[in-house]
Amino acid sequence: MENELMPKYRFHSVLDVTPEDIRKMGARAIGLDIDNTIAPDGTFKFLKGVEHWLDIMRKAGIPVIIISNGTVFRVGPIAKKFGLPYVCVAAKPKPKGLLRAAAKLGVPIEKLAMLGDQIFSDIKAANRCGAIAVRIDPMPAKSLYPHYYAWKAKREEPIIKEFEKLKENMKELYNNKELVIRAIETEKTENIINETLDNMKIGQKLYIANKTDPDNYTEILKKNETNYEFKNIGDKAILYKDN
């Protein structure tokens, strides 16, 4: 599996993404796709609650910019409706649209969370330029091109299955079936964690935390050669992508 196709995070809807989630990703701004992310493709029937969600982000000081492959004739009016800056004809999966958006907002590209439904465009573009790739499940409402998106969904299915498999593998590794891991890095991070655990001495502890949120972290105690004790410290403890 190509790493550039693997999302770093996955959410059912943009409405499920909170300012706290964005900050925990290490992001300072959001790149937002349109079609099948906040409106069925080719329509102006917007996701109920998206305006309120945008207000929440604004109040939290998190800027949002639309990044769409659509033309100015579609993207412009939508951006105006929501009062957002935009980059149209972004040519995703090429990274240039995301780079332009980050420059417009004045943030480093690695601090931009790209929220979109298409793995072969949104996610691939984000991974290619170092942005944070956040997969939003496509809206269930019908688009104007159902056969095309059914074909796209079939292509993406094995990638989503691998993403979910990685999450389950991490749960099994730490013997904590109740843990909800909302994000998982690619195979590289999993290998690093496995190698670190193997090299630990009995009685030694490993701590996994985000340096921006030190009060919430994961503690792993090596009890013997095969067993580990997993403990989350803080109700927001989670495995983080980079730190």
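Residues numbered from 1 in each chain as written. Predicted model: local features only at pLDDT ≥ 70, side-chain atom pairs only at ≥ 80, totals over all residues. Heavy atoms only, no water.

*Asks:* In this structure, what is going on with helix H2 (residues 50-59)? I would like to understand it.
*Replies:* Given 3.6 residues per helical turn, the α-helix brings residues three or four places apart onto the same face. Among the residues of H2, those classed as buried are Val50, Trp53, Leu54 and Met57. Buried residues in H2, looked at end-on, bunch into an arc of 100 degrees, giving them a common side. Facing away from the buried side of H2 by more than 90 degrees, the exposed set consists of His52 and Lys59. Buried-residue contacts for H2 involve helix H1 (19-24), strand E2 (29-32), strand E3 (64-67), helix H3 (72-82) and strand E5 (112-116). Within two residues after H2, Gly61 carries a phi angle of roughly 80 degrees, on the positive side. (Buried < 20%, exposed > 50% of the residue type's maximum accessible area, 1.4 Å probe, protein only. Helix = DSSP H or I, 4+ residues; strand = E, 2+ residues; numbered from the N terminus. Arc of directions from axis to C-beta. Contact = heavy atoms within 4.5 Å.)

*Asks:* Quick question: what am I supposed to make of the side chain of Ser68 here?
*Replies:* Along the polypeptide, Ser68 turns up in the loop between E3 and H3. Those residues in contact with Ser68 that lie beyond four places of it in its chain are Ile34, Val75, Val87, Cys88, Val89, Ala90 and Lys92.

*Asks:* Would you explain the pattern of salt bridges in this entry?
*Replies:* Opposite charge on two side chains makes pairing possible when the charged atoms of those side chains draw close. Throughout the structure, instances matching the rule amount to 8 salt bridges. Arg135 is the salt-bridge partner of Asp137, the closest N and O atoms lying 3.0 Å from each other. Grouping residues by exposure puts Asp137 and Arg135 together as buried. (Salt bridge = Lys/Arg side-chain N within 4 Å of Asp/Glu carboxyl O.)

*Asks:* It is not clear to me how the sheet that holds E3 should be interpreted in this structure. Could you clarify?
*Replies:* What holds strands together in a sheet is hydrogen bonding between their backbones, with the strands either parallel or antiparallel. The strand order across the open sheet formed by 6 strands is E1-E6-E5-E2-E3-E4, and the pairing between neighbours is parallel. Because the sheet does not close on itself, it has two edges, and the strands there are strand E1 (9-11) and strand E4 (86-87). In terms of strand pairing, E3 meets E4 through 2 bridges, oriented parallel. Within E4, the position partnered with Ile67 by the bridge is Val87. Helix-sheet contacts for helix H4 (residues 96-105) involve E2, E3, E4 and E5, and the interaxial angle to E3 is about 155 degrees. The strands touched by helix H5 (residues 119-129) within the sheet are E5 and strand E6 (132-136), with E6 carrying the most contacts at an inclination of about 160 degrees. (Pairing = 2+ DSSP bridges. Axes fitted to C-alpha atoms, helices over the stretch in contact; angles between N-to-C directions.)

*Asks:* It is not clear to me how the nonpolar core should be interpreted in this structure. Could you clarify?
*Replies:* Nonpolar side chains in soluble globular proteins tend to be buried together. Ile22, Ile30, Leu32, Trp53, Leu115 and Val134 are the most contacted members of the largest nonpolar core, which has 31 residues in total. Looking at this core, the elements with two or more residues in it are E1, E2, H2, E3, H3, E5 and E6. Membership of the second largest hydrophobic core comes to 22 residues, among which are Ala29, Ile67, Ala125 and Ala131. (Core = buried A, V, L, I, M, F, W, Y, C linked by side-chain atoms within 4.5 Å.)

*Asks:* For this particular structure, what's the right way to read the packing of aromatic side chains?
*Replies:* By convention here, two paired aromatic rings are described through the distance between centres and the angle between planes. Counting across every chain of the model gives 2 aromatic pairs. With centroids separated by 6.3 Å and ring planes inclined at 75 degrees, the aromatic side chains of Phe44 and Phe46 adopt a geometry described as edge-to-face. Ring-pair connections join several aromatic residues into one group, and the members of that group are Phe44, Phe46 and Phe82. Against the face of Phe82 rests Lys81, its NZ or CZ located 5.4 Å from the ring centre. Above the face of the Tyr86 ring, Lys104 is positioned so that its terminal group lies 5.6 Å from the ring centre. (Phe/Tyr/Trp six-rings, centres within 6.5 Å; stacked < 30°, edge-to-face > 60°. Lys NZ or Arg CZ within 6 Å of the ring centre and 35° of its normal.)

*Asks:* What exactly am I supposed to notice about the pairing of E2 here?
*Replies:* If a strand is regular, its side chains alternate between the two faces of the sheet. Of the two faces of E2, both are covered, the one formed by Ala29 and Gly31 as well as the one formed by Ile30 and Leu32. Of the pairings in the sheet, the one linking E2 to E5 comprises 4 bridges and is parallel in character. Residue Ile30 lies in a different strand from E5, and its bridge partner there is Ala113. With 3 bridges connecting them, E2 and E3 associate as parallel partners. Counterpart to Leu32 in the pairing with E3 is Ile66. At this point the chain moves from E2, through H2, to the parallel E3, and the crossover so formed is right-handed. (Right-handed = clockwise from strand over helix to strand, strands pointing away.)

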